Every structure is written in C-alpha cells, then in structure tokens.
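One-letter residues, chain by chain:
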Amino acid sequence: TRPVRSQTLRARPGRVVEIAAIASAYRTHRGCSLCPPFRKPPTLCTLYLPTNHSGGIRLNFEVSNGDISKTAADAIVVNLFEGATAPGGATGAVDKALDGAISKLIAQGDIRGKSGEITTIHTFGKLKSPRVVVAGLGKQKDFDVDAVRNLSANLVRALRRPGIKTVATIAHGAGIGGLEPEACAQAVAEGAILGNYRFLKHKKAEEDRAEITTVTL
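The structure displayed is predicted, hence computed values, not measured ones.

A. Just the packing of aromatic side chains, in detail. What the rule picks out here adds up to one aromatic pair. Ring centres 5.5 Å apart and planes at 90° place the aromatic pair Phe-81 and Phe-143 in the edge-to-face group. In this pair, Phe-81 sits in the loop between β3 (75-80) and α2 (89-97) while Phe-143 sits in the loop between β5 (131-136) and α4 (145-159), placing the two residues 62 residues apart along the sequence. Judged by its relative accessible area of 9%, Phe-81 is buried.

B. Quick look at the confidence of the model for the chain. On average, residues of the chain carry a pLDDT of 78, and 68% of them reach 70 or more. By mean pLDDT, the top-scoring element of the chain is β5 (98), and the lowest-scoring one is strand β1 (residues 43-52) (44). Every residue in residues 1-18 is under pLDDT 50, and counting partners more than four places away or in other chains gives 65 contacts.

C. Quick look at the environment of Asp-99. Assignment of secondary structure puts Asp-99 in the loop between α2 and α3 (101-108). On the basis of relative accessible area, Asp-99 is assigned to the exposed category, the value being 51%. When the C-alpha positions of Asp-99 and Lys-126 are compared, they lie 8.6 Å apart, and in sequence the two are 27 residues distant. Residues in contact with Asp-99, not counting those within four places in the same chain, are Lys-104 and Lys-126.

D. Quick look at the pattern of salt bridges. Overall, the coordinates contain six salt bridges when judged by the stated rule. Salt-bridge contacts for Arg-149 lead to Glu-190; the nearest nitrogen and oxygen are separated by 2.8 Å. Note that Arg-149 is positioned in helix α4 and Glu-190 in helix α5 (residues 181-196), a separation of 41 residues in sequence. Residue class for Arg-149 comes out partly exposed when judged on its relative accessible area of 22%. Put simply, Glu-82, Lys-114 and Lys-139 are held in one network by salt bridges that share partners.

E. Spatial organisation of unusual backbone geometry. Unlike most non-glycine residues, Asp-99 shows phi in positive territory, near 60°. A positive phi is found at Phe-124, a non-glycine position, where the angle reads about 50°. Within the secondary structure, Phe-124 sits in the loop between β4 (118-122) and β5. On the accessibility criterion, Phe-124 (77% relative accessible area) is exposed.

F. Spatial organisation of the nonpolar core. In terms of nonpolar packing, the biggest core is built from 28 residues, with Phe-61, Phe-143, Val-148, Leu-159 and Ile-212 touching the most fellow members. Elements with a contribution of two residues or more to this core: β2 (55-63), β3, β5, α4 and α5. Ranked by residue count, the leading element in this core is α5, at seven residues. In terms of nonpolar packing, the next biggest core, distinct from the first, is built from 16 residues, Leu-80, Leu-98, Ile-111 and Ile-121 among them.

G. Focus on α2. Every buried residue of α2 is listed here: Thr-91, Gly-92, Val-94 and Asp-95. The buried residues of α2 occupy one face: seen down the axis, they fall within an arc of 165°. Of the residues in α2, the exposed ones pointing more than 90 degrees away from the buried face are Gly-89 and Lys-96.

Thresholds, definitions, all that
- Residues numbered from 1 in each chain as written.
- Predicted model: local features only at pLDDT ≥ 70, side-chain atom pairs only at ≥ 80, totals over all residues.
- Heavy atoms only, no water.
- Phe/Tyr/Trp six-rings, centres within 6.5 Å; stacked < 30°, edge-to-face > 60°.
- Helix = DSSP H or I, 4+ residues; strand = E, 2+ residues; numbered from the N terminus.
- Buried < 20%, exposed > 50% of the residue type's maximum accessible area, 1.4 Å probe, protein only.
- pLDDT = per-residue confidence, 0-100.
- Contact = heavy atoms within 4.5 Å.
- Salt bridge = Lys/Arg side-chain N within 4 Å of Asp/Glu carboxyl O.
- Core = buried A, V, L, I, M, F, W, Y, C linked by side-chain atoms within 4.5 Å.
- Arc of directions from axis to C-beta.

This is the structure:
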C-alpha cells in the first residue's frame, strides 16, 4: 500500500457543502485545495452534523487505502450481490481472513446478497475488528449510486448501537459493480450523514444512546 497524506476539512454546524471533498480525497488520496497543509496519514475530512438546535454530532470521514481486513474499526462493512456464489474482492479477502466464514454462510443460504440484507459476523479475534458486516446489494443490474446512498444510510442506522463508534467500509459499487469510484465514495458519505442524523431536542436522553463517530472509506 502507499502512504496516504492527511488533511482536515471543517464545516460549520449544519453545513455539508464540502462533502464532495471526500470523493476527491478518495480519488486522489491527497484531499482537496480547501484543506490546510498536509499532515500525517490517513486523509481525514471532518464534518459537523446537527442533532438539535444547540449543537451537533461530530462525524469524521477518513479515506485510506490498504487491506480492509486489517483495520481495527469496531465494525468492517463488505458486500455481496444477489446471486453471487463466492465472495470476491475485499469481501473475499475478509472471507479468507475469517477462514471461509462468509463462503460457508453463503452455501448455507444465510447470506443471499438481497437488497436490505445485513448480516453481522463476530470475528472472535481472527481480525483486529470484532465484527464483519456483509451488506446485500441486490441485483447488480439494478445497483446504482442512489442505491449506494440508501445502503450507507441503512447500514449506519443498523450499526448505531452501543459498542460501535467506528466503521470501516469499502466504497460499495466501485469494484465489481462498475460504478465511478468517486461518485460511490461521495454517496457513501452522504448516506452515512443521513443515517446518523437524529432530531433529539424534544426527546429524553437515552441511557443506551450510541452514535457513529468515524467512517473510514
């Protein structure tokens, strides 16, 4: 893997106008002209998202390259198209690190790759991350950038629970899906923002309230 230079981009509470910088960073691994001078890896774009009228959630987006199976995030997200009989790409690499656990679940019919399907596999020390999430993409011919955005939002909602603050994900659709990688990266970021948003001003504080704080692409 190549070293990835780092930059930080800040937006005022409620503004998401610089979200395209995440796509730019994903493409170039260097960030954009709006960012301050280069720092150490990995590339980092920071956005502030509103939860109520008095403040906001800090949601960090990191862009990194390398083997996703080696990340120490609280959850790793990979994917599978409907009808696939064997995992490939990043999903295949994670499957290999898990001694074929994903392949076995596919063979048993527990993972089918259908749209909306989310399967959590606990790694029990086989990976640095304690969880692997396999997201169903549905039929490949129907999968587009809008589907990437919806998938990202649904994943963040599903993973927003105690114990999970950091999530590492591949850019869904950018590999075998044949979609533009930059557009996929932007759609993942947009979906994460939508999925992480909650209006809490008139709600009581929840004892088990959990928020995703970092998403790594």
